[in-house]
Amino acid sequence: MTESAVRYEKADGIVNLVIDDPSQSANTMNQAYRDSMEKAVNQLVDEIASDGDSIKGVIVSSGKKMFFAGGDLKLMTQATPADADDIFENIESIKATLRKLETCGKPVVAAINGAALGGGLEIALSCHHRVAAEGGYEIGLPEATLGLLPGGGGVTRTVRMFGLQDALMGILLQGPRMKPAQALEKGLVDEVVAPDALLDAAKAWIESVQGDEEAATQPWDRKGYKIPGGAPSSPKLAQFLPAFPSNLRKQVKGADFRAPKNIMAAAVEGAQVDFDTASRIESRYLVELVVGQQFKNMTQAFFFDLGSINAGGSRPEGIEPRKFTKVAVLGAGMMGAGIAYVSAKAGMEVVLKDVSLEAAEKGKAYSEKLLAKQLEKGRTTQEKVDEFLGRIKPTDDYADLEGCDLVVEAVFESVELKHQVFGELEPIVNADALLGSNTSTLPITELAEGVKRPEDFIGIHFFSPVDKMPLVEIIAGEKTNDATIAGALDYVQAIKKTPIVVNDSRGFFTSRVIGQFVNEGLSMLTEGVAPTSIDRAATQAGFPTGVLQLSDELNLELMKKIRIASKTAVEAEGGTWVPVPAEDVIDAMIDEGRSGRLAGKGFFDYDENGKRAGLWEGLAEKFPVADEQPDFRDLKDRLIFSMSLDTVRCLEEGVLRTVPDANIGSIFGIGFPPMLGGAIQAINGWETPDGRIGVEAFTERAQELAQKYGERFEPPALLLEKAKNGEKFA
Ligand code: NAD
């Protein structure tokens, strides 16, 4: 017999249900939990029935470091539509036990000692009171971020605790993860105490409510209970509710994000019926998500792939972790200023060097501005601001770079200038300093020719704005050694960003693949596709920004410059540059003086504050809209396939090293639709309108697009091989 995952302990009239699965390092909602919890609660209820006076109350606690890790995602991602009934029964059985606990007639308190996310918090929500230990761990219902909904009672109970609007907006739809103090502020927990006082606080609460029958019930089980803020039929809510779905649609720009839709439906429908019916409705909506593909895509990316990257999956083995204490940032422009900020934020000393002290100080002023805002909002103190700014030293003097153990160069994009700067700084910084460049287009191997230690040279490619964008692309040149790759990864993790590692190649991974997307979208203009359809196809496919809008942001002049440099390089290597129709579009727009937002005009007009006004009226004349418009699904798929196919080529050519890097890099760096789980997961999990799923279905669709739109959609050999062998990319 397997050991129980829940221990039933009783002392001094208090029953402690200790969740402690002996077969795992963390508690999850697996079968052992389900059976053990059911048995323990049945024992409790029996004991209350036979000898109720001997029990003052119940504590639910954990024997692990975490309180409870939630559902077993690995198992759940294997679910198919055929499993729907079984999953529904399983969820209902887990929930029936919690409902039994909640209505056992004795006061029940959750003692939360560590992370309680998803299912963990749902267990706690079925208790009448929640005490949490102080700590840096997280509490919340982040299901939406994995394409799920809190179907263990999370929707039903939070709606009844906080009302529809606050539950949806504050907890369910965005799925924020909160520290205990924030959870207390939100009302998700009732008390936060020192970790070693946790069980005593739980017991004290039980003692304090002896004789208070109400304390042993949930508000929604009391007579006369009404949902806070009103039921959907109340006049106040009835005005708002019809706008909810359209607001949601607007927020996700028409993309078919299923989790928020189901969460909203479960919340609103559930608010109109009794608790048990609401709970069943919630289970149905959860099952629909679990057996669907979107949850699998999102969980692959945001749980498994991100987890693997955060655990150092791409870090070369056997190399000691490296800690950087003094960073030289060269160039205090837009990128340098941001890099200085994020490095100082992580506690590193920063020497910010530019050609003049004035320019360097301007770069530091960027940090001052960001910190002033945080101070204004009460998120930091003057003392912390002073300390933070004290770590950034602006300078125009190379001598100040003495003692630096890391260099991040962000001067203008020029090989000669970068060579010169590295030549000047190399003798001054530490003899083993890691040498990084933030170049977005120049080959790392070529830049490394300008230093004496090319093995210590590496690309550390940030995205703009640096303080907000989570991704950093680390680029290994031909001579970069493993210790340098590991060191760069350590730096990126220290500044709390997500690193991917790629090998040197034109455009690296991110710039190269986003170029395909832009080319595909802009070429549609030359085919007579209506401009609004192009941008709508992108956002409805799940990209955060339309192609024309993105091109305006990226700047057409810059795109042209990069193209000319690439063409020159290709021709210098004896190759032939193959032009694409997008080039004519870019050139025509530049001729019109419309190079993008920076110029105040591009595909769109902008007002004096840089705010988008409307589509340029002259566009219809330049690129007349054809009488016959292509299938809208083709437009969406062309944009997705342009990125995914080129990502396969990156794997094939060894530019990319791992599938997690491909998925996370594409979502965090270049806006690949999160609901598809990243550029490679989109292939593994490709879903046709008639419900076929997988690599083969994707490959056939690529061949279809190739026939209709050109050979750029022909599946690369690696894809054909996977399809033939019935394999996924892993
Ligand atoms: P920028 O023009 O805003 O800043 C460049 C700074 O470098 C200027 O302040 C300039 O005075 C300074 N500089 C020039 N010569 C110098 C020298 N000899 N010593 C010290 N400082 C010098 O440019 P940026 O947008 O910050 O880009 C910087 C680098 O980052 C480029 O290589 C660019 O390709 C790369 N990059 C830019 C972006 C982006 O979105 N802008 C994104 C990723 C990478």
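Bear in mind the structure is a predicted one, so any value in this text is a computation, not a measurement.

Turning our attention to the overall build of the protein. Tallying secondary structure elements over the protein gives 30 helices and 19 strands in all. Its C-alpha radius of gyration of 28 Å places the protein within 12% of the 27 Å reference for a compact globule of 730 residues. Structurally, the protein occupies a C-alpha span of about 90 × 65 × 55 Å along its principal axes. When each of the 730 residues of the protein is scored for burial, the buried share is 55%. Contacts in the protein between residues far apart in sequence, at least 24 positions, make up 72% of those at least 6 positions apart. When the accessible surface of the protein is split by element, carbon and sulfur atoms take 50% of a total near 32,000 Å². Across the protein, the centroid of the 78 positively charged side chains sits 3 Å from that of the 108 negatively charged ones.

Right, let's talk about the domain arrangement of the protein for a bit. Taken domain by domain, the protein comprises domain 1 (6-214 + 225-291), domain 2 (326-505) and domain 3 (511-654 + 658-725). Its C-alpha centre places domain 1 at a distance of 42 Å from the equivalent point of domain 3. Taken residue by residue, the interface counts seven residues in domain 1 and seven residues in domain 3. Here domain 1 packs against domain 3, burying approximately 520 Å² in sum over the two surfaces, 55% of which is carbon and sulfur. The largest contributions to the domain 1 side of the interface with domain 3 come from K253, A255 and F257, which together make up 68% of the buried area. Taken together, domain 1 and domain 3 are joined by one salt bridge.

What follows covers the nonpolar core. Counting 96 residues, the largest nonpolar core has L425, F517, L522, F543, F603, F641 and F729 as its most contacted members. In terms of residue count, helix α26 (residues 632-652) provides more of this core than any other element does, nine residues in total. Two domains share this core, each providing at least three of its residues, namely domain 2 (326-505) and domain 3 (511-654 + 658-725). Beyond its immediate chain neighbours, meaning those up to four positions away, L425 contacts L330, Y398, L401, V407 and L435.

Here we come to the pattern of salt bridges. In this structure the tally under the stated criterion is 41 salt bridges. Note that D20 is salt-bridged to R7, the shortest N-O span being 2.8 Å. Here R7 lies in strand β1 (residues 6-11) and D20 lies in the loop between β2 (14-19) and α1 (31-51), a separation of 13 residues in the sequence. Linking K722 and E727 is a salt bridge whose minimum nitrogen-to-oxygen distance equals 3.6 Å. Salt bridges linked by common partners bring R633, D634, D637, R701, E704 and K708 together as one network.

Here the UniProt-annotated "domain: 3-hydroxyacyl-CoA dehydrogenase C-terminal" (unreviewed entry) positions come out as residues 507-606. Helix makes up 64% of residues 507-606 and strand 3%, and the two end C-alpha atoms of the span are 29 Å apart.

Spatial ordering of the open sheet is given by β1-β2-β3-β4-β6-β9, a layout of six strands whose pairing is mixed. Across the chains shown, the open sheet's two edge strands, defined by having one partner strand only, are β1 and β9 (191-193). The sheet shows a mean angle of 20° between the axes of neighbouring strands, taken without regard to direction. Pairing geometry for β1 and β2, over six bridges, is antiparallel. For V6, the partnering residue across the bridge sits in β2 and is I19. Packed onto the sheet, helix α8 (residues 198-208) meets β2, β3 (57-62), β4 (108-112), β6 (129-133) and β9 and runs at close to 165° relative to β4.

Let us look at helix α15 (residues 357-376). Under the 1.5 Å per step criterion, the end-to-end length of α15 is 28 Å for 20 residues, consistent within 8% with the ideal 28 Å. For α15, every residue scored as buried is listed here: A360, G363, K364, S367, L370 and L371. Where α15 is buried, its residues contact α14 (334-345), β11 (349-353), α16 (382-390) and β12 (392-395). Positive phi shows up at G378, right after α15, with a value of about 75°.

Taken together, the three bridges between strand β18 (residues 604-606) and strand β19 (residues 612-615) define a ladder with antiparallel strand orientation. Its bridge partner being in β19, D605 is matched across the sheet by G614. Taking the residues that link successive antiparallel strands as the turn, the β18-β19 hairpin has five residues, and the phi of G610 there is positive, at about 80°.

This part covers a positive patch on the surface. A surface patch of like charges, here positive, comprises K369, K373, K377, R379 and K468. As for its position among the elements, R379 is in the loop between α15 and α16. Residue classification places R379 among the exposed positions, given a relative accessible area of 64%.

Okay, the site of the ligand next. Within the structure, the ligand sits among 21 residues, and M335, D354, E413, K418 and S440 are positioned closest to it. Within the side chain of K418, an N or O atom sits 2.6 Å from an oxygen atom of the ligand. A distance of 2.8 Å separates an oxygen atom of the ligand from a polar side-chain atom of S440. Its free accessible area being 830 Å², the ligand has 78% of it covered by the protein chains. At the level of secondary structure, the elements contributing two or more residues to the shell around the ligand comprise α14, α17 (415-425) and β15 (457-462). Element by element, the count of residues in the shell around the ligand is highest for α17, at three residues.

Note that E320 resides in the loop between α13 (293-310) and β10 (326-330). The class for E320 is exposed, based on a relative accessible area of 67%. Excluding residues within four positions of it along the chain, E320 makes contact with R315 and D490.

Let us now look at a negative patch on the surface. Together, E416, E446, E449 and E478 line one region of the surface with negative charge. Taking relative accessible area as the criterion, E449 reaches 60% and is therefore assigned exposed.

A word on the environment of R597. Here R597 lies in the loop between α24 (581-591) and β18. Classification of R597 by relative accessible area gives partly exposed; the value is 31%. Separated by 44 residues in the primary sequence, R597 and E553 place their C-alpha atoms 5.7 Å from one another. Setting aside anything within four residues of it in sequence, one finds R597 in contact with Q549, D552, E553, Y606, G610, K611 and R612. For R597, the side chain forms a polar contact with the main-chain oxygen of G610, separated by 2.8 Å.

Whenever strands of a sheet pair, they do so through backbone hydrogen bonds, lying parallel or antiparallel. Read across the open sheet, the three strands follow the order β5-β7-β8; overall the sheet is mixed. Since the sheet does not close on itself, it has two edges, and those belong to β5 (116-117) and β8 (177-178), each with one partner. With two bridges connecting them, strand β7 (residues 139-140) and β8 associate as antiparallel partners. Its bridge partner lying in β8, I139 is registered against M178.

The rules behind each value
Residues numbered from 1 in each chain as written. Predicted model: local features only at pLDDT ≥ 70, side-chain atom pairs only at ≥ 80, totals over all residues. Heavy atoms only, no water. Helix = DSSP H or I, 4+ residues; strand = E, 2+ residues; numbered from the N terminus. Rg over C-alpha atoms; globule rule 2.2 N^0.38 Å. Buried < 20%, exposed > 50% of the residue type's maximum accessible area, 1.4 Å probe, protein only. Contact = heavy atoms within 4.5 Å. Areas by Shrake-Rupley, 256 points an atom, 1.4 Å probe, with all protein chains shown as cover. Lys, Arg positive; Asp, Glu negative; His and termini not counted. Charge placed at Lys NZ, Arg CZ, Asp CG, Glu CD. Domains from an automatic or database assignment. Buried area = accessible area lost by both parts, 1.4 Å probe. Salt bridge = Lys/Arg side-chain N within 4 Å of Asp/Glu carboxyl O. Core = buried A, V, L, I, M, F, W, Y, C linked by side-chain atoms within 4.5 Å. UniProt positions renumbered as here; feature names shortened; annotations may be inferred. Pairing = 2+ DSSP bridges. Axes fitted to C-alpha atoms, helices over the stretch in contact; angles between N-to-C directions. Expected span 1.5 Å × (residues − 1). Patch = residues over 30% accessible without salt bridge, like charges linked within 9 Å, V, L, I, M, F, W, Y side chains within 5 Å. Near = heavy atom within 4 Å. Polar contact = N/O pair within 3.5 Å; in protein donor to acceptor, adjacent residues only side chain to side chain.

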